[in-house]
Amino acid sequence: MTDAHTHDRLLIIDFGSQVTQLIARRLRELNVYCEIHPYQSVTAQFVREMAPRAVIFSGGPDSVTRDGSPRAPQEIFEMGLPILGICYGQQVMMTQLGGKVVTGEGTAEFGRAYVEPGAPLPLLEGWFAEGREQVWMSHGDHVAELAPGFQVYGTSPGAPFAITGDPARNFYAVQFHPEVHHTPNGAKLYENFVRLAGFSGDWTMGAYREEAIRKIRHQVGDKRVICGLSGGVDSSVAAVLIHEAIGDQLTCVFVDHGLLRQGEAEEVVTMFRDNYNMSLIHADEQELFLGALDGQSDPETKRKIIGKLFIDVFQKHANEIDGAEFLAQGTLYPDVIESVSFSGGPSVTIKSHHNVGGLPEKMGLKLVEPLRELFKDEVRALGRELGLPQSFIGRHPFPGPGLAIRCPGEITREKLDILRKADAVYIDQIRKHGLYDEIWQAFVAILPVRTVGVMGDGRTYDYACALRAVTSVDGMTADYYPFSHEFLGETATRIINEVRGINRVTYDITSKPPGTIEWE
Ligand code: XMP
């Protein structure tokens, strides 16, 4: 459990729904501090220690009619806490409080549904203004008999008890998922619930910053911390926050593997060393990485070489820092939630991602992870709070293996140079047209093929390149960005005119899936 004990806290008991994280998102948007914990770890003792102001039961894939299916600790209903049950959470509440849930024909409902209003209820303030409300359902079972004290406040065709409540005890339970986009008015239910539970909305970035600094000082004492800096948003924000907490006790290591974009190394070094006065090791290891990659064309081999060397280099420099006991990482909340997995099984490796996993154990370092409680957009808000320039905070993601995976096939210095120039022109175009912030990620890939062209009166035989620009929410799925023909034409002309070595420009219109965002 974290120590945000000066705030009102809300406990989300996770019964394994795919969308539990979205409940947390909705609450954070209301400036409410919440934590998600899997139902297995939530005992009555745990709840007493955490002392939340309210509790939400998430949805989940199981059926409460099955023996041994997940439950909440029975004492939780006697603690005087407001409780909101969602989907499976509703069924858990009904079952544990003496109602009845059934499974069978006519009890399931998936996708969009409409809830008709029942009696008025403070939880439903702002609902049903225009009659029925659209909601998103995803349930196999449904409540057939209410627990004593509960009443019905909304019904849908597949859920006679779509909205139920016992306002005297501040217990509410809904069959649908108010946290998802397809329940357009869902955020209002959470807003009403936290208001009824008496939350003051005190979870702000300013408060978070103060608390995080106190925590870092307490954890680190007078020891030294090392931090791998990539120039990406997460590691930059983590570094600035830690630096604010412990100043010179922090040393950052920036590994230049020769696969960075134009001007990137200088930008990062200037930003952190000159502007923030941070102790920063600029490990220029271009020769090492490019030498090891020479002649390699298989994507996975390239990734593995880079990943291994990165760890070697980082370790070498970290070893030189006397008394380093901590490693700082920009781990975010979605990475740490212990989700309840019912299906189990590791997912297939599509690409081996590059990180420094395993390093802390190998080097005997303890972790400092000041962003563990934040979502990506909250990290950006914290970055703004810390005064990082928008140009850093709003940056598109850049992969650890860098330009290596944007240069399909063999990597040569010549190709990397051409790629850097073309990429710079492309990004300049995107910025000039005011499109940068609409796009999740944009880059050029240089293709392992030369094509014939004609420039002036002469024949050319140069590289072709592909422009990529995608929209996405989390990088898991993506769609290509619909540039205008004018933009594409102007950009192709500029690249061919300004970058020697490219005579053909294509635009990649593959979505993910079936494609991936990067080319390798
Ligand atoms: P793909 O190509 O898998 O990329 O669709 C999804 C997102 O992940 C980034 N990416 C990486 N990020 N290390 C990283 O830190 C990696 O090895 C890596 N490979 C891909 C990619 O840029 C996109 O944002």
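Just so we're clear, the structure is a prediction, and the values are computed from it rather than from any experiment. (Residues numbered from 1 in each chain as written. Predicted model: local features only at pLDDT ≥ 70, side-chain atom pairs only at ≥ 80, totals over all residues. Heavy atoms only, no water.)

Draft legend 1. Region of interest: the overall build of the protein. Across its full length, the protein holds 15 helices and 20 strands. Each principal axis of the C-alpha distribution contributes one length, and for the protein these read about 85 × 60 × 40 Å. Of all 520 residues assigned to the protein, the portion counted as buried reaches 55%. Counting contacts in the protein only where the partners sit at least 6 residues apart, residues at least 24 apart contribute 77% of the total. Counting every atom, the protein has about 22,800 Å² of accessible surface; 50% of that belongs to carbon and sulfur. With 49 positive and 68 negative side-chain charges, the protein shows a separation of 3 Å between the mean positions of the two kinds. (Helix = DSSP H or I, 4+ residues; strand = E, 2+ residues; numbered from the N terminus. Buried < 20%, exposed > 50% of the residue type's maximum accessible area, 1.4 Å probe, protein only. Contact = heavy atoms within 4.5 Å. Areas by Shrake-Rupley, 256 points an atom, 1.4 Å probe, with all protein chains shown as cover. Lys, Arg positive; Asp, Glu negative; His and termini not counted. Charge placed at Lys NZ, Arg CZ, Asp CG, Glu CD.)

Draft legend 2. Main features of the nonpolar core. Counting 51 residues, the largest nonpolar core has Tyr 426, Ile 430, Phe 483 and Ile 495 as the members making the most contacts within it. There are two domains that each give this core at least three residues, and those are domain 2 (205-393) and domain 3 (411-507). Apart from residues lying up to four places away in sequence, Phe 483 is in contact with Tyr 426, Ile 430, Leu 435, Ile 439, Ala 469, Leu 488 and Tyr 507. Within the second largest apolar cluster, 44 residues are counted, among which are Trp 203, Phe 272, Phe 392 and Ile 393. (Core = buried A, V, L, I, M, F, W, Y, C linked by side-chain atoms within 4.5 Å. Domains from an automatic or database assignment.)

Draft legend 3. Region of the structure containing helix α5 (residues 205-220). Helix length check: α5 (16 residues) gives 22 Å between terminal C-alpha atoms against 22 Å at 1.5 Å per residue, within 8%. The complete set of buried residues in α5 reads Met 205, Tyr 208, Arg 209, Glu 211, Ala 212, Ile 213, Ile 216 and Val 220. Of the residues flanking the end of α5, it is Gly 221, one or two places downstream, whose phi is positive at about 60 degrees. (Expected span 1.5 Å × (residues − 1).)

Draft legend 4. Region of the structure containing the packing of α5 against helix α6 (residues 233-246). Across the interface, α5 lies against α6 with an axial gap of 9 Å and an inter-helix angle of 65 degrees. Regarding the angle of α5 to α6, the classification is roughly perpendicular. Note on packing geometry: the crossing formed by α5 with α6 is right-handed. Facing Arg 209, Ala 212, Ile 213, Ile 216, Arg 217 and Val 220 of α5, the residues of α6 in contact are Leu 241, Ile 242, Glu 244, Ala 245 and Ile 246. A class-by-class count of the residues in the contact of α5 with α6 yields eight nonpolar, no polar and three charged. (Axes fitted to C-alpha atoms, helices over the stretch in contact; angles between N-to-C directions. Parallel < 35°, antiparallel > 145°, perpendicular 65-115°, else oblique. Left-handed = near helix turned anticlockwise from the far one by under 90°. Nonpolar A, V, L, I, M, F, W, Y, C, P; charged D, E, K, R; others polar.)

Draft legend 5. How the structure looks around the sheet that holds strand β4 (residues 83-86). The sheet built from nine strands is open, its strands ordered β2-β1-β3-β4-β11-β10-β9-β6-β7 with mixed pairing. Looking along the sheet, the strands with just one partner apiece sit at the ends: β2 (33-38) and β7 (133-139). On average, each strand axis in the sheet is inclined to that of its neighbour by 25 degrees, with strand direction left out of account. In this fold helix α3 (residues 88-96) packs onto β3 (54-57), β4, β7, β10 (159-166) and β11 (171-174), with an angle of close to 120 degrees to the strand it touches most, β4. (Pairing = 2+ DSSP bridges.)

Draft legend 6. Region of interest: the domain arrangement of the protein. Annotation of the protein at the domain level lists domain 1 (9-196), domain 2 (205-393) and domain 3 (411-507). Look at where the C-alpha atoms of domain 2 and domain 3 centre, and you get two points 29 Å apart. Contact residues are listed per partner, giving ten residues for domain 2 and seven residues for domain 3. Of the roughly 820 Å² buried at the junction of domain 2 and domain 3 (both faces included), carbon and sulfur atoms supply 50%. Of all residues in domain 2, Arg 261, Gln 262 and Leu 290 give up the largest surface area on contact with domain 3, accounting jointly for 43% of the area buried on that side. Our count for the domain 2 to domain 3 interface comes out at one salt bridge. A salt bridge links Glu 287 to Arg 413; its shortest N-O distance comes to 3.2 Å. At the junction of domain 2 and domain 3, the tally comes to three residue pairs in polar contact (both at pLDDT 80 or more). Ranked by the residues each element gives to the side of domain 2 that touches domain 3, the list is headed by helix α8 (residues 286-293), at three residues. Looking at side-chain class alone, the side of domain 2 that touches domain 3 contains four nonpolar, three polar and three charged residues. (Buried area = accessible area lost by both parts, 1.4 Å probe. Salt bridge = Lys/Arg side-chain N within 4 Å of Asp/Glu carboxyl O. Polar contact = N/O pair within 3.5 Å; in protein donor to acceptor, adjacent residues only side chain to side chain.)

Draft legend 7. Representation of the sheet that holds strand β13 (residues 250-256) within the structure. With parallel pairing, the five strands of this open sheet are ordered in space as β14-β13-β12-β15-β16. A single partner strand is all that each edge strand has here, and the edge strands are β14 (279-284) and β16 (366-368). Recorded for the sheet is a direction-independent mean angle of 30 degrees between the axes of neighbouring strands. This element, α6, spans β12 (224-228), β13, β15 (324-328) and β16 of the sheet and lies at about 155 degrees to β13.

Draft legend 8. Spatial organisation of the packing of aromatic side chains. The full count for this structure, using the stated rule, is 17 aromatic pairs. Note on Phe 15 and Tyr 88: the rings are 5.4 Å apart at their centroids and 55 degrees apart in plane angle, and the pair reads as tilted. Pair noted here: Phe 15 is in the loop between β1 (9-14) and α1 (20-29) and Tyr 88 is in helix α3, with a separation of 73 residues, a long-range link. Residue class for Tyr 88 comes out buried when judged on its relative accessible area of 1%. The interplanar angle of 75 degrees and the centroid separation of 6.0 Å between the aromatic rings of Phe 77 and Phe 171 together place this pair among those described as edge-to-face. Of the two residues, Phe 77 is situated in the loop between β3 and β4 and Phe 171 in strand β11; the sequence distance between them amounts to 94 residues. (Phe/Tyr/Trp six-rings, centres within 6.5 Å; stacked < 30°, edge-to-face > 60°.)

Draft legend 9. Geometry of α6. Between its first and last C-alpha atoms α6 spans 20 Å; for 14 residues at 1.5 Å apiece the expected length is 20 Å, and the two agree. With its phi angle positive at about 50 degrees, Gly 247 sits one or two positions after the end of α6.

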